[in-house]
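Listed below are the residues making up each chain.
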Amino acid sequence: MGAQLSINSSVNVRAMYGFSFILQVVQSLAQSQYLDEYIFKVAEGISPHHGNLVVGTLESIAGVTKLLVAFPIGCVVDWRPASRTRLAWVALGLGCPTVVIGVLAILSGRLWMLTIMQVAFVIFAEFASCLAMAIFTDSLASRSLDQRTAAFANVQVFQNLGTALGSGIYGLTLLSFQAHEAPEDWTGFQTKSALLAGFALLVPVMLSLFTFRQAQKESKDLPAEQPEIQTEIKTGRAWVPYVVLLALLILALAAGMVFKFFPLFFINIYGMSVVQISVVQAIEPLVKACFTYLVGVCAPVVGRAKATSVCMVGVIGCLLGLSIQREEGTHLLSSLALFMFRGSLAQASFALAWAILMDCVPASQRGRWSSSCTVLNMSWSGAAVIAGELLDKHGYQYTFCIAAGLCAVALVVFSPLLLLKLQRLPSEPVEVSPNANAQSGAAEVVVVVDPFSTGGFLAAELLSQGCAVIALWTKESNIRYHDYPKIFDPRQLLAELDEEPTVEATAARLREVVDSVDSGSLAAVICGGDSGVNAADALSEALDLRGNGLGRNRRDKLVQHQALEAAGLRFARTVSGTTWEQVAAFAETEQYPLVVKPIESAGADGFKLCDSMDEAREHFDFLNSSDRWCGAQGRGVLLQEFLEGTEYIVDHVSCDGVHKTTMLWMYDFQEVNGHRVCIAQRPVPCDSSAMAELVAYTRQCLNALGVRNGATHTEVMWTSGGPCLVEVNCRCQGGTGFWVPLCRKMTGYSQVDAVIGAYLRQEAFDALPNTPTFLMFGDIIHLISYEERLITDTAMPGLEAVRGLSSFTDVALNVELDKMMCKTTDWNTLIGVVALCHPDPAVLAAHTCLIRSMETSGSFV
């Protein structure tokens, strides 16, 4: 059974941020230090001098409850990974009684009811958090390392923002009721009001779970228990999650000894008031949010494991600093600074370590691993009751020293991950000199054949996901090392090789390089640029890897239309030859204009629409006597009927014969400077009957050509008689991957992400929808020049104005300083391209009009 539900990474990431924010507002109002102080005062009213012990005991009861329900909840969440979003109804069933119990317990002020309230709350919160984290992690499967790290860090950022809002609300509540009650009365109406508000906010928490979209396919052919094959597991590093979890458990033990008691520390030692505590509680999460965000940005640069270790060292230093503060409370400001810095470092270390852990576990076990947070909470809660006893007997400074020692133990446990840097652990970037990593232990080795243009973008994406990449340059490619996109650093390649005289020799050379890698295995051969199509097919067959085999030359455009004719599909009348005599009869009888282009080419290389036979012959001779930038010298020239209609681009990725559409584009051709010029490349929804017919016809073409695996970029003309193939390019869309960010914004993924899934992450590919669903509206504007002039100034006010648009996504320019800017007459004379994306189509249209007005006025450059 095919994919039933759409993968939508962007929607789920936003849903996770919203869920985390609201739940943390609840925690800061109904489950944090305000509840602890409330319980402390209730307990002190019953038995003086035992308040800390009661607070710790209730916290421990909550922890034991989490421990008892965690694994069953994880199993429920993992029971059917493809149906996790349906469990939102279970969360609703747990949450509603929790709200009722919470209200009754707070109003009664009885310890036994507060205990029941805590048990109900932790069951709901554990289930909701486990479910949300599992879906969230599923949605990040195809994203790059930097994106995954940032996403996990941002969850912590939104949690902190929620804490700040909750603390701010509570502070305002205290101020508003000061006229009616003593501000130090923690059992008064203002405290109860804040706690009740917190429980009321459980309703939007429950509703937020219904905004998640399914991130995996539902399939009867794939057992829910079957884990995805992850790099860490394949390379014998399955121990990584357990080491990370153990280190986090010890850190949680240390945190549990101090965090719950920090408000009491400042109240009892420094005499801070209720309002002052609320101000601190509002400021602290904002500091944490900023710090965690910065750490999330920096971590991929220095390495996540290294950044985590640095944060742990900082936590130890802060705790030791707090331990030497004088009991008399004469160092309030320094204590506050150490308190906030300790919390920021601790939270950042957790976010990074958790990102490493979740990267290394199978998708079908993410519910259970998410529930492992309960082990952390149990250690936190167990430490709370111990710390309560220590505080009552020995004071705060002694307890801080014990906590610092535990953090040091956690750092020692975590330290083996630092040694994995040279083995290319996916959570660590590799900093190497050119080809210096040939002996490094990468898990999956991928060969990218001719990695120019988007092929270079693909190579960079593979590197970011922990793969070792070999760049193989074919004899047909004339690019040779210099056309890598800026995103890609070729120094990170495992090797950069030239194609050998034979397929067998090239395959042997690749095996030799792969054998030099510890625990490495050759996972895939992927075509990067058009000139690598045939070599990629030949090598994948020789190396017994996923590919399309050697049935036919899929670059040859004549072969393509012959295959369509044999399959009974609509095709364009086409001939080819190396001499004019071989095509003269066709040129004499065919209606003009006539398409003349290389039989094997890429982009608009060598393409010309000829209006007469003389013009056609002249261009034919020119192509035969000149070199092409993308190979195929001497292969012949193709003459093809001109197809009148609207041209579409249908991007697909295939895996074992299953074709999935990643984007459908329309070329908008208009008359510009007396020539037919494409002024825009517009994304088109696939939901109309005409577009469904176009997609179906394209897939029939792929089947006729024997395309079973990899990316295809297919040009189809919609004529008066329906769709007709122009050509199939068996690689990703070109343009150096400029369009990838736009696709990710509009659909949650791109063709590059899908092709990596097809070759390396079967589960991720299976989870992709049959055709994309648009989340936003987008457009790629081709920038037009209406004048010729010399570019003498790097200042481009028009460009800066475009960058400031809310729809701006990316820009790529085709002009250079001290070079002539020509009038636009074809693809090669475009000024550049601008990608726009916005949820409001009216805004998108207005921004497009603005850019067009800048073109006509000459103010863009």
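Residues numbered from 1 in each chain as written. Predicted model: local features only at pLDDT ≥ 70, side-chain atom pairs only at ≥ 80, totals over all residues. Heavy atoms only, no water.

Draft legend 1. Main features of the overall build of the protein chain. From N to C terminus, the protein chain includes 29 helices and 18 strands. Counting the 861 residues in the protein chain, one finds 60% classified as buried. Accessible surface, the protein chain as shown: approximately 32,400 Å² in total, 60% of it carbon and sulfur. (Helix = DSSP H or I, 4+ residues; strand = E, 2+ residues; numbered from the N terminus. Buried < 20%, exposed > 50% of the residue type's maximum accessible area, 1.4 Å probe, protein only. Areas by Shrake-Rupley, 256 points an atom, 1.4 Å probe, with all protein chains shown as cover.)

Draft legend 2. Molecular detail of a nonpolar patch on the surface. Together, W89, V203, L207 and F210 give the surface a local cluster of nonpolar side chains, amounting to about 420 Å² of exposed area. Structurally, L207 is set in helix α8 (residues 202-208). (Patch = residues over 30% accessible without salt bridge, like charges linked within 9 Å, V, L, I, M, F, W, Y side chains within 5 Å. Salt bridge = Lys/Arg side-chain N within 4 Å of Asp/Glu carboxyl O.)

Draft legend 3. Broad picture of empty space enclosed by the protein. Here the structure, examined in full by the defined rule, presents nine cavities of 30 Å³ or more. In this structure, the second largest cavity occupies an estimated 170 Å³ of space. What lines the second largest cavity is a set of 20 residues, and nearest its centre among them are C527, N548, N709, C730 and Y759. The element contributing the most residues to the lining of the second largest cavity is helix α20 (residues 533-542), with four residues. Looking at the lining of the second largest cavity residue by residue, the classes come out as 11 nonpolar, six polar and three charged. (1 Å grid on protein atoms, 1.4 Å probe; cavity = no way out; pocket = protein on both sides within 12 Å on 5 of 7 lines; lining within 4 Å. Points joined across faces, edges and corners; volume = space filled by probe spheres on them. Nonpolar A, V, L, I, M, F, W, Y, C, P; charged D, E, K, R; others polar.)

Draft legend 4. Highlighting helix α26 (residues 751-760). Most of α26 sits inside the fold, with 10 of its 10 residues counted as buried. Of all the residues in α26, the buried ones are Q751, V752, D753, A754, V755, I756, G757, A758, Y759 and L760.

Draft legend 5. Fine view of the sheet that holds strand β3 (residues 495-498). The parallel open sheet is built from four strands, whose spatial order is β3-β2-β1-β4. Edge strands, defined here as strands with exactly one partner in the open sheet, are β3 and β4 (521-527). Ignoring which end each strand starts from, the neighbouring axes of this sheet average 25 degrees apart. One ladder, built from six bridges, connects strand β1 (residues 444-449) with β4; its direction is parallel. Its bridge partner lying in β4, V448 is registered against I526. Across the sheet, helix α18 (residues 454-464) is in contact with β1, β2 (468-473) and β4; its angle to β1 comes to roughly 175 degrees. Each of β1 and β4 is contacted by α26, which is oriented at about 140 degrees to β4, the strand it contacts most. (Pairing = 2+ DSSP bridges. Axes fitted to C-alpha atoms, helices over the stretch in contact; angles between N-to-C directions. Contact = heavy atoms within 4.5 Å.)

Draft legend 6. Quick peek at the pattern of salt bridges. A complete count under the given rule lists 17 salt bridges for this structure. The partner of D530 in a salt bridge is R731, with the nearest N and O atoms 3.1 Å apart. Of the two residues, D530 sits in the loop between β4 and α20 while R731 sits in the loop between β13 (722-729) and α25 (740-747), which places them 201 residues apart along the sequence. The residues D530 and R731 share a single accessibility class, namely buried.

Draft legend 7. Inspection of the side chain of D556 at higher detail. Tracing the backbone shows D556 in the loop between α20 and α21 (557-566). A polar atom in the side chain of D556 sits 3.2 Å from the backbone nitrogen of V559. (Polar contact = N/O pair within 3.5 Å; in protein donor to acceptor, adjacent residues only side chain to side chain.)

Draft legend 8. Up close: the packing of aromatic side chains. Summed over all chains, the structure comprises seven aromatic pairs. Considering the side-chain rings of F121 and F199, the 5.9 Å spacing of their centres and the 70 degrees angle between planes classify their relative orientation as edge-to-face. Linking F121 in helix α5 (residues 111-139) with F199 in helix α7 (residues 189-200), this pair joins segments that are 78 residues apart in sequence. On the basis of relative accessibility, which here comes to 2%, the residue F121 falls in the buried class. Relative accessible area serves as the criterion here: at 1%, F199 is assigned to the buried category. Centroid distance W580 to F620: 5.5 Å. Interplanar angle 75 degrees. Geometry classified as edge-to-face. Of the two residues, W580 is situated in the loop between β5 (574-577) and α22 (584-589) and F620 in helix α23 (residues 613-625); the sequence distance between them amounts to 40 residues. (Phe/Tyr/Trp six-rings, centres within 6.5 Å; stacked < 30°, edge-to-face > 60°.)

Draft legend 9. Summary view of the sheet that holds strand β7 (residues 608-610). Strand order in this open sheet of four strands is β5-β8-β6-β7, and the pairing throughout is antiparallel. Whereas interior strands pair on both sides, the edge strands pair on one side only; in this sheet they are β5 and β7. Averaged over neighbouring strand pairs, the angle between their axes works out to 25 degrees when direction is ignored. One ladder, built from four bridges, connects β5 with strand β8 (residues 637-641); its direction is antiparallel. Counterpart to S576 in the pairing with β8 is L638. Across the sheet, α21 is in contact with β5, β6 (594-598) and β8; its angle to β5 comes to roughly 145 degrees.

Draft legend 10. Fine view of the packing of helix α4 (residues 88-108) against α5. Viewed as axis vectors pointing N to C, α4 and α5 meet at an angle of 155 degrees, and their least axial separation amounts to 8 Å. One element, α4, and the other, α5, form an angle in the roughly antiparallel class. Of the two elements, α4 crosses α5, and the hand of that crossing is left-handed. Residue-level contacts link A88, V90, A91, L94, G95, T98, I101, G102, L104, A105, I106 and S108 of α4 to M113, L114, I116, M117, A120, F121, I123, F124, F127 and L131 of α5. (Parallel < 35°, antiparallel > 145°, perpendicular 65-115°, else oblique. Left-handed = near helix turned anticlockwise from the far one by under 90°.)

Draft legend 11. Structural detail: the confidence of the model for the protein chain. A residue-level look at the protein chain finds 77% of positions with pLDDT of 70 or above and a mean pLDDT of 78. Confidence drops under a pLDDT of 50 for residues 216-236, and excluding neighbours within four residues, the segment shows 60 contacts in the predicted structure. Of the regions scoring below 50 in pLDDT, residues 421-442 engages in 77 contacts with residues more than four places distant in sequence or in other chains. (pLDDT = per-residue confidence, 0-100.)

Draft legend 12. Region of the structure containing the environment of V637. In this structure, V637 sits in strand β8. Accessibility expressed as a relative area gives 1% for V637, which makes it buried. Separated by 54 residues in sequence, V637 and V583 have C-alpha atoms that sit 9.1 Å apart. For V637, the residues in contact, after removing those within four places along its chain, are V575, S576, G577, V596, K597, I599, F620, L623 and N624.

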